[in-house]
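Next come the chains, spelled out residue by residue.
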Amino acid sequence: MDAARDDEWEAALAASQAWWREAGVDMAFADAPRNWLETARKPATAIEPAAPVQAEVAFPPPIARIGGDRARWPNDLAQFADWWLTEPSLDPAGLALRVPPAGPKQAPLMVLVAQPEAGDRDTL
């Protein structure tokens, strides 16, 4: 019976939070009153405007295209093996874990595995 009450309490709490969220209340508020006019009564001090600051915008470096420069893409299987093992943009994890293509030329079946397992080096 206590579990049912806990579920009812959680549902009521979630509904209450959803209501406030839909009402646009996204911050906690203090109950203590504040005199908003107090700051208006204080004499303003003259502040000299500062010279405009031109901030330098730092743009992120351009994202390298996957596969690198299109002019370096392979045109045959021999070039593909070298490109696959040396092109850094193909895998952010690095070059060390890549499995080179293997098998005879003109094979009747070609298997491509996106993420080979550690033991696949000899079995694929």
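It should be noted that the structure appears before, not after, this text.
Rules behind the numbers
- Residues numbered from 1 in each chain as written.
- Predicted model: local features only at pLDDT ≥ 70, side-chain atom pairs only at ≥ 80, totals over all residues.
- Heavy atoms only, no water.
- Helix = DSSP H or I, 4+ residues; strand = E, 2+ residues; numbered from the N terminus.
- Buried < 20%, exposed > 50% of the residue type's maximum accessible area, 1.4 Å probe, protein only.
- Areas by Shrake-Rupley, 256 points an atom, 1.4 Å probe, with all protein chains shown as cover.
- Salt bridge = Lys/Arg side-chain N within 4 Å of Asp/Glu carboxyl O.
- Contact = heavy atoms within 4.5 Å.
- Phe/Tyr/Trp six-rings, centres within 6.5 Å; stacked < 30°, edge-to-face > 60°.
- Polar contact = N/O pair within 3.5 Å; in protein donor to acceptor, adjacent residues only side chain to side chain.
- Patch = residues over 30% accessible without salt bridge, like charges linked within 9 Å, V, L, I, M, F, W, Y side chains within 5 Å.
- Lys, Arg positive; Asp, Glu negative; His and termini not counted.
- Charge placed at Lys NZ, Arg CZ, Asp CG, Glu CD.

Description of the overall build of the chain
Inference 1: Looking only at helices and strands, the chain has four helices and zero strands in total.
Inference 2: Along its sequence from the N terminus, the chain presents helices and strands in the succession α-α-α-α.
Inference 3: With 124 residues in all, the chain has 6% of them scored as buried.
Inference 4: When the accessible surface of the chain is split by element, carbon and sulfur atoms take 60% of a total near 12,400 Å².

Section: the pattern of salt bridges
Inference 1: Per the stated rule, a full pass over the model turns up one salt bridge.
Inference 2: Taking the shortest distance from any N to any O, the salt bridge between E87 and R72 comes out at 3.3 Å. Separated by 15 residues along the polypeptide, E87 in the loop between α3 (77–86) and α4 (120–123) and R72 in the loop between α2 (38–41) and α3 bring together distant segments of the chain.

Here we look at the environment of G67
Inference 1: One can find G67 in the loop between α2 and α3.
Inference 2: For G67, a relative accessible area of 2% puts it in the buried group.
Inference 3: Sequence spacing of G67 and E87 is 20 residues, and the spatial spacing of their C-alpha atoms is 6.8 Å.
Inference 4: Residue contacts for G67: discarding those within four places in its chain leaves W73, W83, E87, S89 and L90.

Overview of the packing of aromatic side chains
Inference 1: A complete count under the given rule lists three aromatic pairs for this structure.
Inference 2: Between F80 and W83, the ring centres sit 5.8 Å apart and the planes meet at 45°, which makes this aromatic pair tilted. With F80 and W83 both in helix α3 and three residues apart, this pair spans about one turn of that helix.
Inference 3: We classify W83 as buried; its relative accessible area is 13%.
Inference 4: Seen in terms of ring centroids, F80 and W84 are 6.3 Å apart; in terms of plane orientation they differ by 15°. Their pairing is stacked.

A closer look at the side chain of E87
Inference 1: Judged by its relative accessible area of 4%, E87 falls in the buried class.
Inference 2: A polar side-chain atom of E87 sits 3.3 Å from a polar atom in the side chain of R72.

Observations concerning a negative patch on the surface
Inference 1: There is a patch of like negative charges on the surface, built from D2, D6, D7, E8 and E10.
Inference 2: Along the chain, E8 falls in helix α1 (residues 2–22).
Inference 3: On the basis of relative accessible area, E8 is assigned to the exposed category, the value being 57%.

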